[in-house]
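# Chain and residue survey
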Amino acid sequence: MTGDDQVSGGESAPLRIGEVAKSTGLTTRTLRYWEQLGLLSPSSHRESGERLYNASAIERVGRIRELQDLLGFSLAEVKVVLDAEDDLERIRSDYRANKTDPRRRRDLLVELIAANDTLLERLDDTVGRIQAFRDERADKGKRMRKTLRELDAEHAAPTR
């Protein structure tokens, strides 16, 4: 593949790792680390071994950042979500491709529901842990405010 090659389907040419890093505000080291963890894969490589990323790989970078920044997920949690989303997409693709066998479509739909339910359970667990942490912080805040009011009341009382 040469630098002038275009991705089929009218998409723009794939970007080199440095271009992806620059456009996403990440470092090439981060992108390589995410690749080691199985979060991200280059869409192709040049003969020299240089990584190339297509639009869907760049969208995946955005999804990883969204899960980290918006939801506060660790990379391990991000991997679980992405793996589940990949499974869901694979099953959806199989379902769409299989228009003639109603039994197979039903089996795929059952599999899709189960995979989605599993992802929801994991998300509910994460949300529950976040809520428990938030509640703990709120309780500590209430205790600190009570202690402050008590301290203020002691110092505001006239001394004899």
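For the structure, check the block above.
For clarity, every value in this text was computed on a predicted model and none was experimentally measured.

## A look at the environment of Gly-62
Within the secondary structure layout, Gly-62 lies in helix H3 (residues 55-69). C-alpha of Gly-62 to C-alpha of Thr-24: the two residues are 38 residues apart in sequence and 7.8 Å apart in space.

## A look at helix H5 (residues 102-156)
An ideal rise of 1.5 Å per residue puts 81 Å on 55 residues; H5 measures up with 78 Å between its terminal C-alpha atoms. All of the buried residues in H5 are Leu-108, Leu-112, Leu-119, Thr-126 and Gly-141. Tucked into the core, H5 has its buried residues touching helix H4 (75-97). For H5, the N-terminal capping position is held by Asp-101, with its side-chain oxygen 3.1 Å away from the main-chain nitrogen of Arg-103.

## Notes on the environment of Gly-128
Summarising the element assignment, Gly-128 is placed in helix H5. Taking the C-alpha atoms as reference points, Gly-128 and Leu-70, separated by 58 residues in sequence, lie 16 Å from one another.

## Let's talk about the packing of helix H1 (residues 17-24) against helix H2 (residues 28-37)
Running from N to C, H1 and H2 cross one another at 110 degrees; their axes reach a closest spacing of 8 Å. In terms of orientation, H1 and H2 fall into the roughly perpendicular class. Mapping the contact onto sequence places Ile-17, Gly-18, Val-20 and Ala-21 in H1 and Thr-28, Leu-31 and Arg-32 in H2. A class-by-class count of the residues in the contact of H1 with H2 yields 4 nonpolar, 2 polar and 1 charged.

Criteria and cut-off values
Residues numbered from 1 in each chain as written. Predicted model: local features only at pLDDT ≥ 70, side-chain atom pairs only at ≥ 80, totals over all residues. Heavy atoms only, no water. Helix = DSSP H or I, 4+ residues; strand = E, 2+ residues; numbered from the N terminus. Expected span 1.5 Å × (residues − 1). Buried < 20%, exposed > 50% of the residue type's maximum accessible area, 1.4 Å probe, protein only. Contact = heavy atoms within 4.5 Å. Polar contact = N/O pair within 3.5 Å; in protein donor to acceptor, adjacent residues only side chain to side chain. Axes fitted to C-alpha atoms, helices over the stretch in contact; angles between N-to-C directions. Parallel < 35°, antiparallel > 145°, perpendicular 65-115°, else oblique. Nonpolar A, V, L, I, M, F, W, Y, C, P; charged D, E, K, R; others polar.

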